[in-house]
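# Fold and geometry: a report
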Amino acid sequence: MQLEQQLRNKLKDKDILLMTHIVLGYPSLDVNREVIKQMVENGVDCIEMQIPFSEPMADGPIILKANQDSLLTGTKVADCFTFAAEITRQYDIPFLFMTYYNIIFKYGEENFFQRAKECGIKGFIIPDLPPEMGKSFLELADKYQIAPILIFTPTSTDERMKKLSTYGNGFVYCVARRGVTGKKSEFDQNFDGYLARCRAATKLPLAVGFGIQSKEDIEALKGKADMAVIGSRTIKLVEAEGAEAVGPFIAALR
Amino acid sequence: MQLEQQLRNKLKDKDILLMTHIVLGYPSLDVNREVIKQMVENGVDCIEMQIPFSEPMADGPIILKANQDSLLTGTKVADCFTFAAEITRQYDIPFLFMTYYNIIFKYGEENFFQRAKECGIKGFIIPDLPPEMGKSFLELADKYQIAPILIFTPTSTDERMKKLSTYGNGFVYCVARRGVTGKKSEFDQNFDGYLARCRAATKLPLAVGFGIQSKEDIEALKGKADMAVIGSRTIKLVEAEGAEAVGPFIAALR
Amino acid sequence: MDQNGFFGNWGGAYIPEVLYQTFEELKEEYSRCRKDPAFWQEYLTLMSTYSCRPTPLTYADNLTRHFGGAKIYIKREDLNHTGAHKANNVMGQGLLVKRMGKKRVIAETGAGQHGMATATMAAKFGLDCTIYMGEEDVLRQRPNVFWMEKMGATVVTVKDGSRTLKDAINEAFRDWVTNVDDTHYVFGTACGPAPFPEMVAWFQSIIGIEAAEQIMEYHGKMPARVYACVGGGSNAMGIFKRFLDEPDVELIGVEAGGHGADSGAHAIRLSSPDATPGVAQGYKTMFLQDDDGQMKHTHSVAAGLDYVGVSPILSDLWDKKQVRFESATDTEVMQALELTMKQEGIIPALESSHAFVGAFKEAGKLAKDEAIIINQSGRGDKDIFTIAHAFEDPSWKKFIIDRGIEYSNS
Amino acid sequence: MDQNGFFGNWGGAYIPEVLYQTFEELKEEYSRCRKDPAFWQEYLTLMSTYSCRPTPLTYADNLTRHFGGAKIYIKREDLNHTGAHKANNVMGQGLLVKRMGKKRVIAETGAGQHGMATATMAAKFGLDCTIYMGEEDVLRQRPNVFWMEKMGATVVTVKDGSRTLKDAINEAFRDWVTNVDDTHYVFGTACGPAPFPEMVAWFQSIIGIEAAEQIMEYHGKMPARVYACVGGGSNAMGIFKRFLDEPDVELIGVEAGGHGADSGAHAIRLSSPDATPGVAQGYKTMFLQDDDGQMKHTHSVAAGLDYVGVSPILSDLWDKKQVRFESATDTEVMQALELTMKQEGIIPALESSHAFVGAFKEAGKLAKDEAIIINQSGRGDKDIFTIAHAFEDPSWKKFIIDRGIEYSNS
Ligand SMILES: Cc1ncc(COP(=O)(O)O)c(C=O)c1O
Ligand SMILES: Cc1ncc(COP(=O)(O)O)c(C=O)c1O
């Protein structure tokens, strides 16, 4: 089943979906396993798994550190695939890979798609790959039916959004604000205007990410977005209170 | 009696005369007193007393340090005059002032000559005052009958020596070598040639200074020069063995 | 550069979407400037009144005699205001920033030279300024931090990753995506996403334009070879560009050999097989990376060459064999520096000394009626802390120890 | 200069007899050079290929706006090779040395700039080189010692007297009288026995010649005022000379006010009554001396201005009221330096910053259609040890303490 359809099916039962984020290998794949379990059991609808990269230029300090620590403990791209294969077999929600383009490029684009497909991955989020740079990537996405998730930002013009939309699939990741991951965003009038622009530019479901931290944030998105993305927040939680804290936190968001 | 005549009279009895040097106020005027006593009693024929200056640019490390230490203990030009008046009254040999031109200039040239005359000073050695710079100085020297001692050096041409000779009086100070006070000189063939040039250029007695340290040095000068000058050597001696050592040292030179 | 910012297989603009619009504006303004002869004139005027362009081409009489071969000429970018070729790029981008109406600039810096130049430009143009600098480089080049701060810049110490140039670049990008509306990122070398490589190379091309005119005047014909050190590649492209179409001029880029090509501790991207194609920091080039695409640590005695990537334009010229690449080890660099100081009274920066090594290895083999040009990208006297340290000068150490004790007690 | 080397009442050549002959040769060679247009041409070529002459005249837009009066222009001697105007004099004397066939040069240095310049010239011209530097200055300016040694010079620390510039000069004279046959003493400023004051001023006059041409081009008329700091007086004479006969240009020399004109801790020779006429170091001028004629200790935050005498040419111009003299205190100097860095991205040497103080005090009172020129004699970035110290920068201190500990443990 294609990612977009999977999400639309879920949206029949829920006001808004929840996507979460983990950095593979941080603090360890074992902890990742436990965190994913807690997430899925508490109603998360989609999980993006970040393959760590040494130069995560679009990430803020928390995810940056997680990337670096994961690499320091020896996480390899191959481990990430093995882990993904295991997890996607185990849970019935869509799993995505988030990473930077060099990980794919270096692996060999087609090899990467092939292997991801085998591992049951449903989509890719690549923050440093604008469609102009991703001709072959987009062709392979089509060929392997893995959704290339494109990104809208507050600086994107209507025209640009329309153009991006034609390349994207699965859903559109609407970045809530300028900046990197990890800081609080303001969900004010400006933000509403921005989301309306996003909605007008695409028929794909809209996920909103960057700085979503609480039930209130998610409530505020209902009716405007299709999916809320929780990123750094759970990493901090696991660091502070351990994997077991994730379940109750997720449960309380709904 | 004029300086030149004084020296010529002495030369009737001796092969060669001896001039010594002290820095006034170093290590103290009291020690100067004792040193002069030892010098005169042991047959020194002429003494140059250096009025300390803060920038003794033609002096080597020993005399340089003596100048600075004397100033540090507070020696004033006025003290030097008083001391000179006392000493010239006491001993019958000629005493000269050696100093740098600024001491005279700052005091006022005519005042300086007048006061020096009162104090019984017979000549001035001013290493940084070439005759071209000393027009009024030379006029005053003539007026006050204080001998301006001019300096020959190995770099002086015959022509230059002749010219210098016309301005000088008392005797000519022949610097034995290039350089500053305090280092050993070589009294070799070249040196003999130099002294012969000096002798040819002037009718004044010739004193030889810079680096004369021993009886052998003085012996070597006999017949070529009229006066040997002992400079830094006695300062070192006083530093090492005290003023009492000066007498025996001088006695042994003859 | 093609319309996607590629030079052959290399380059591009692998940028986060949030920067898309700002890059559109930048590309537009840049292309307006390129087409406008008045802009280049304004640039020349600025560089000749604020910096001292044209910089001299110095005939190195003693070195020439020492090696007994080609006549050695040195292009004196060290005499630029702030002491390196970096000023050329920065002042050019400063004019662009004024046109775009932005109020703030940010920059990464390795050796500190580009940071110094940017802080200087910001002071002159009345812009806010933040400089990102890896912690290791802050430790190596503290004096530069002091001056940048005195010129009103905020210097942010970057403690992530290898704590050197590439991490400072990442951090600068993070700032940019956050403050994109009023901020321009003054990229310091001919790398990064398009249009930076081409734009930086354009501003730096003033070096080669002058050098060509000067060598024709002094030597009567084109040089046989031109040598430049290659960090990101801006000073190299700056001097090479004008000579690319001269059939008899060979261009040589000298990379940082660190402890040696086989040591793993170096920054050789093009003249050894250690690097492979990759995409990072917004562009595609040859990177020093592992099999997974993770960037490796690099090493060079010269902070400004201690970098994992290289200008995509140079990768392309390497592909096309229009530029030859060599490397110089730390040890060779110190020797070349010492020789140049003693023979010519000139103190090249450690970075620039790499180019001297390259030239010294070959000068003696060329005919006496040939000339070579070495691009002296910067001056070394401001690197006293690195250079005196590298020479292990005992009286320097004693001086620092004594000063440290004095400060500890006060 | 009259035939005895006097400018009015000042100057002359109060030299030990052993130097007479060498001065005759020097004067002769110098006068041959002055009469020979080819010599000046050779000098210009050297300065434009080895240093970067003409140095720019920079319009200080922000400072002008800040003070709201006359247009402020800065003559950029800091962009010379080795970082100060000292290079002009030294390279000129270097050409002379070549002509005279001498094989060795010596020099005194205060700030270290003149020593650096001389060591540089010696390396380039293949001469042996010894530099005399007061112990206090060695401590203040250690990096310069390092560079001089690296360029092959022997640096002798002078521990006599006040252990600063004047003592280094005495010691250099002692060397000269010893090694007069093969050695030339490269006097560093427009002081000392004739022909040095005039000769140094001649080589430095290139500054004013360029500046006059530049200001006419940029401003269309002569400047209202020209400011220069005055240590020995070489940079001041260098820029003033060309303007002396311009009736509407006022020339202002700024001396080192140290802790203040009334403090006794300063180096003000002409703009306070503390100095009196005297003769030392081979020439007659206004000296800071006591009633007996003993030279006093002087003080300035700027080593290069920390000197008891002053150019006899300036004493003469002071007598004749053709140059006005002012002073700047250490505190004012640090403020002017800070302001200039922040406003213009330019780092004047501490010495030069004195001229900036003088200009800043007066610029606001002049009409907007007037221009003034400040002679920036040197760059401050090499004086990090003095400047960071004077600003009492805490992170600088910490850096030095940490480095010191690191070296102690190694
Ligand atoms: C003096 C100098 N030369 C060279 C470089 C290397 O940069 P690029 O290869 O861009 O010229 C640097 C970088 O900081 C530098 O400071
Ligand atoms: C930068 C600079 N300016 C000025 C001076 C003072 O010398 P002068 O008055 O001869 O120009 C010095 C002396 O070292 C100096 O280094």
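Our structure is the block above this text.
A few points on the structure. (Residues numbered from 1 in each chain as written. Chains lettered and ligands numbered in written order. Predicted model: local features only at pLDDT ≥ 70, side-chain atom pairs only at ≥ 80, totals over all residues. Heavy atoms only, no water.)

### So, the overall build of chain C
When helices and strands are counted, chain C shows 16 helices and 14 strands. Taken along its principal axes, the extent of the C-alpha atoms in chain C is 60 × 55 × 50 Å. The contacts of chain C with a sequence gap of at least 6 include a subset with a gap of at least 24, amounting to 74%. When the accessible surface of chain C is totalled, it reaches about 12,000 Å², and 48% of it is carbon and sulfur. Put simply, chain C has 42 plus and 55 minus side-chain charges, and the middle of one group is 3 Å from the middle of the other. (Helix = DSSP H or I, 4+ residues; strand = E, 2+ residues; numbered from the N terminus. Contact = heavy atoms within 4.5 Å. Areas by Shrake-Rupley, 256 points an atom, 1.4 Å probe, with all protein chains shown as cover. Lys, Arg positive; Asp, Glu negative; His and termini not counted. Charge placed at Lys NZ, Arg CZ, Asp CG, Glu CD.)

### A word on the relation of the copies chain C and chain D
Turning one copy of the chain about an axis and sliding it along that axis gives the other copy, so a rotation and a shift relate them. Turning chain C through 180 degrees and shifting it by 0.0 Å along the axis lays it on chain D, with an RMSD of 0.0 Å. In symmetry terms, the pair is related by a two-fold rotation axis. When each C-alpha of chain C is compared by its distance to the rotation axis, Gly404 of chain C comes out closest, at 2.6 Å. When the interface residues of chain C are mapped onto chain D, 100% of them again lie at the interface, so the same face is used by both copies. (Least-squares fit on C-alpha atoms with pLDDT ≥ 70 in both.)

### Thoughts on the site of ligand 1
Residues and elements named next belong to chain C. Not every one of the 18 residues close to ligand 1 is listed here, only the nearest: Thr189, Gly231, Gly233, Ser234 and Ser377. The side chain of His85 places a nitrogen or oxygen atom 2.9 Å from an oxygen atom of ligand 1. Side-chain polar atom of Ser234 to an oxygen atom of ligand 1: 2.6 Å apart, as the coordinates give it. Composition of the shell around ligand 1 by domain shows at least three residues from each of domain 1 (6–48 + 85–200) and domain 2 (52–83 + 205–389). (Near = heavy atom within 4 Å. Polar contact = N/O pair within 3.5 Å; in protein donor to acceptor, adjacent residues only side chain to side chain. Domains from an automatic or database assignment.)

### Looking at the sheet that holds strand β6 (residues 128–134) of chain D
All names here are of chain D. Taken in spatial order, the 4 strands line up as β7-β6-β5-β8 in an open sheet, and their pairing is parallel. In the strand order of this sheet, the two ends are held by β7 (154–158) and β8 (183–185), each with one partner. Taking the axes of each pair of neighbouring strands and ignoring which way they run, one obtains an average angle of 20 degrees across the sheet. Pairing geometry for β6 and β7, over 5 bridges, is parallel. Bridge pairing in β7 places Thr130 opposite Thr154. (Pairing = 2+ DSSP bridges. Axes fitted to C-alpha atoms, helices over the stretch in contact; angles between N-to-C directions.)

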